[in-house]
Amino acid sequence: MANLVYENFILESKLTDLLNTKLNTRSLMTIDTDLAENAGMKKVINVYNYTGAVEDVEMGEGNVVKGAVSFTPEEYEVKVSQQTFEYFDEQAMTDPKVIDMGIQGASQVMVNDLNTKFFAELGKATLEHEYETAFTYDAVVDALELLNLEEENNLVLILGTDLRTAVRKDENFMAARQGEILFNGQIGSIAGVPVVISKLVPKTEAFLMEKGAVTLFIKKDSEVEQEREAEIRKNRIIMRKVALVALTDATKVVRLVEKQ
């Protein structure tokens, strides 16, 4: 009986293709591979924040409020994220698509896991803007002011599906034209900021972020292993990654929430 197990390099190629086309959040993160070069499974990350105020002063007066940079050290433990898919030779012979569909499903679960961790880190944002009941263009402009950036070329606004309809009805919303789409899933732009939709954003919330505010620390990138129990013709495909997702610059993320 022919062995139906794929060669490892074929599986790795399939997995890489799936991750590259479906893992949208990875393109929004800074990729750091220092963990791969150093021993250990823990990393201490300083999350920086800035506080200060602009004051009008008279002659001979100085500022009352002094600007200051503060940071909070957080210790993260790198985890091994793994997904296992099993199938029997008889299943593959009955339906050859079993292997491809299994690989696709397992890969998507891996993608979802990383995306969930990404949004969990965005939820730690310390900058927050409350908008009125209706999510409008003005809310985004106010959030941009909080970021206080001279150049706004590296930003993205991430909305949940519940706010998609609201922005599409806003007269200031501009649908992206051919060639202007910067991110997978982009539906247009507001105030020059690309708008991306994700089901993982909590209801009535949105995140305005500068690309790179969240870092993906890679200890070991995606890999695939196979095992086979020849006597019972069972095949096992194991996918894993060893990485850490962390908010590393809280000054570059604004969490927009509905005013209560």
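Conventions we followed
Residues numbered from 1 in each chain as written. Predicted model: local features only at pLDDT ≥ 70, side-chain atom pairs only at ≥ 80, totals over all residues. Heavy atoms only, no water. Core = buried A, V, L, I, M, F, W, Y, C linked by side-chain atoms within 4.5 Å. Buried < 20%, exposed > 50% of the residue type's maximum accessible area, 1.4 Å probe, protein only. Helix = DSSP H or I, 4+ residues; strand = E, 2+ residues; numbered from the N terminus. Contact = heavy atoms within 4.5 Å. Pairing = 2+ DSSP bridges. Axes fitted to C-alpha atoms, helices over the stretch in contact; angles between N-to-C directions. Patch = residues over 30% accessible without salt bridge, like charges linked within 9 Å, V, L, I, M, F, W, Y side chains within 5 Å. Areas by Shrake-Rupley, 256 points an atom, 1.4 Å probe, with all protein chains shown as cover. Salt bridge = Lys/Arg side-chain N within 4 Å of Asp/Glu carboxyl O.

Engineer: An account of the nonpolar core is requested, with residue identities and associated values reported.
Structural biologist: Core analysis: the largest hydrophobic core is formed by 23 residues, its most contacted members being Phe-118, Leu-122, Ile-158, Met-209 and Val-253. Looking at which element gives the most residues to this core, the answer is helix α4 (residues 97-122), with four residues. Residue contacts for Leu-122: discarding those within four places in its chain leaves Ile-158, Phe-207, Met-209, Val-214 and Val-253. Membership of the second largest hydrophobic core comes to 22 residues, among which are Val-140, Leu-144, Leu-155 and Val-167.

Engineer: How would you explain the sheet that holds strand β1 (residues 30-32) if you had to name every residue and give the values?
Structural biologist: Overall, mixed pairing links the four strands, which are arranged β1-β11-β12-β4 in an open sheet. This sheet does not close on itself; its edge strands, each paired only once, are β1 and β4 (79-88). On average, each strand axis in the sheet is inclined to that of its neighbour by 30 degrees, with strand direction left out of account. When strand β11 (residues 214-229) meets strand β12 (residues 234-247), the two strands line up antiparallel, connected through 13 bridges. Looking across to β12, one finds that Glu-227 is bridged to Arg-236. Contacting β4, β11 and β12, α4 crosses the sheet at an angle of about 15 degrees to β12.

Engineer: Which residues make up the environment of Ala-246, and what are the values?
Structural biologist: Of note, Ala-246 is situated in strand β12. Accessibility expressed as a relative area gives 0% for Ala-246, which makes it buried. Ignoring any residue separated from it by four or fewer positions in sequence, one finds Ala-246 in contact with Ile-45, Tyr-76, Glu-121, Ala-213, Val-214, Thr-215 and Phe-217.

Engineer: For a nonpolar patch on the surface, give the residues involved together with the corresponding values.
Structural biologist: On the surface, Tyr-48, Tyr-50, Val-69 and Phe-71 cluster together into a nonpolar patch covering about 450 Å² of accessible area. Counting only elements with at least two residues in the nonpolar patch, the list comes to β2 (42-51) and β3 (68-77). Assignment of secondary structure puts Phe-71 in strand β3. By relative accessible area, Phe-71 is classed as partly exposed at 46%.

Any functional reading would require information that these geometric values do not contain.
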